[in-house]
Amino acid sequence: MKTLAVLVLVALIGSVAAGAYAPGMTIANATSPLNTCGGNCPSNDCPGCPCGTTRSVQDPVAMCAKYSGWNQACCQCIVRHESGGNANAANYNSNASYDVGVWQVNTVNWNSCSGGRAPCDIETNLQCAIKVWQWGGNSFKLWSTCGGCGCC
């Protein structure tokens, strides 16, 4: 057990040194490396927890109803496939970017929609998702799950 704790600590220090940790992020759950970020990082490879370690599962129908401009069925499918409705969901991508929140808004969009911060709260995530939807020509084509939902 002591060896595992040392290995986890070394991995965390390496993540911080590599720049994968940003101020305000919570370090991934060191006691359970297969359940990072309290279950908010389903891939279990997040070097940090931009939306914390507490799950906040929301109803996709209610979340999508907050904006009437998009197709509700498509939005609900996207939310179910992207985050399962978890407002604190995080996905760490192979290009070192994050997708966060109900609509899994990518790091590349944070400057344009949330002042450079992870849009973890529901309202900010919604406003970011609306902007991404608009940038995609008022469609869900910028979400990787749009094809599986028939919404590209």
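Our subject in this report is the structure included herewith. Owing to the predicted nature of the structure, the values given are computational and were not obtained by experimental measurement.

### Points about the pattern of salt bridges
Working definition: two side chains of opposite charge can pair if their charged atoms are close together. Enumeration according to the criterion identifies one salt bridge in this entry. A salt bridge links glutamate 123 to lysine 66; its shortest N-O distance comes to 3.1 Å. With glutamate 123 in helix H5 (residues 122-135) and lysine 66 in the loop between helix H2 (60-64) and helix H3 (72-82), this pair connects stretches of sequence that are 57 residues apart. Under the relative-accessibility criterion, lysine 66 is labelled partly exposed at 42%.

### Side note on the nonpolar core
Judged by nonpolar contacts, the single largest core of 35 residues is most densely connected at Trp70, Cys75, Trp103, Phe140 and Trp143. Those elements that provide at least two residues to this core are H2, H3, strand S4 (98-100), helix H4 (107-114), H5 and helix H6 (146-149). Examining the composition of this core, we find that six residues originate from one element, H5, more than from any other. Beyond its immediate sequence surroundings of up to four residues, cysteine 75 is in contact with Cys64, Trp70, Trp103 and Phe140.

### Some points on the sheet that holds strand S5 (residues 105-106)
What the three strands build is an open sheet, ordered S3-S4-S5; its pairing is antiparallel. For this open sheet the edge positions go to strand S3 (90-92) and S5, each flanked by a neighbour on one side alone. As defined by bridge partners, S3 adjoins S4 across three bridges and the pair is classed as antiparallel. For tyrosine 92, the partnering residue across the bridge sits in S4 and is tyrosine 98.

### Topic: the packing of aromatic side chains
One pair of aromatic rings is described through two measures. These are the centre distance and the angle between the planes. For the structure shown, the criterion picks out eight aromatic pairs. Taking 5.5 Å as the distance between ring centres and 40° as the angle between the ring planes, the aromatic pair formed by tryptophan 70 and phenylalanine 140 counts as tilted. In this pair, tryptophan 70 is assigned in the loop between H2 and H3 and phenylalanine 140 in the loop between H5 and H6, connecting sequence segments 70 residues apart. For the ring pair tryptophan 133 and phenylalanine 140, a centre distance of 6.5 Å and an interplane angle of 55° mean the geometry is tilted.

### Considering the state of the cysteines
This structure, assessed with the given rule, holds eight disulfides. Disulfide pairing is shown between cysteine 77 and cysteine 149; the S-S distance is 2.1 Å. Taking the sign of the S-S torsion, about -85° here, the bridge from cysteine 77 to cysteine 149 comes out left-handed. Taken as a pair, cysteine 77 in helix H3 and cysteine 149 in helix H6 lie far apart in primary sequence, 72 residues in all. Each of the two residues, cysteine 77 as well as cysteine 149, counts as buried. With its sulfur 1.8 Å from that of its partner, cysteine 146 forms a disulfide with cysteine 152.

### Comments concerning H4
Among all positions of H4, only Asn109, Trp110, Cys113 and Ser114 are buried. Mapping the buried residues of H4 onto a view down its axis gives an arc of 120°, with all of them on the same face. Across from the buried face of H4, at angles greater than 90 degrees, the exposed residues are Val108 and Asn111. Of the surrounding elements, those touching the buried residues of H4 are S4, S5 and H5. Of the residues flanking the start of H4, the one acting as N-cap is asparagine 106, its side-chain oxygen 2.9 Å from the backbone nitrogen of valine 108. Directly after H4, the chain includes glycine 115, whose backbone phi takes a positive value near 65°.

### Overview of the side chain of asparagine 88
Summarising the element assignment, asparagine 88 is placed in the loop between H3 and S3. With relative accessibility at 14%, the residue asparagine 88 sits in the buried group. Of the polar contacts made by the side chain of asparagine 88, one reaches the backbone oxygen of threonine 54; its length is 2.5 Å. Every residue in contact with asparagine 88, bar those within four places of it in the chain, is listed here: Asn40, Cys51, Thr54, Arg55, Ser56 and Cys120.

About the cut-offs
- Residues numbered from 1 in each chain as written.
- Predicted model: local features only at pLDDT ≥ 70, side-chain atom pairs only at ≥ 80, totals over all residues.
- Heavy atoms only, no water.
- Salt bridge = Lys/Arg side-chain N within 4 Å of Asp/Glu carboxyl O.
- Helix = DSSP H or I, 4+ residues; strand = E, 2+ residues; numbered from the N terminus.
- Buried < 20%, exposed > 50% of the residue type's maximum accessible area, 1.4 Å probe, protein only.
- Core = buried A, V, L, I, M, F, W, Y, C linked by side-chain atoms within 4.5 Å.
- Contact = heavy atoms within 4.5 Å.
- Pairing = 2+ DSSP bridges.
- Phe/Tyr/Trp six-rings, centres within 6.5 Å; stacked < 30°, edge-to-face > 60°.
- Disulfide = S-S within 2.5 Å.
- Arc of directions from axis to C-beta.
- Polar contact = N/O pair within 3.5 Å; in protein donor to acceptor, adjacent residues only side chain to side chain.

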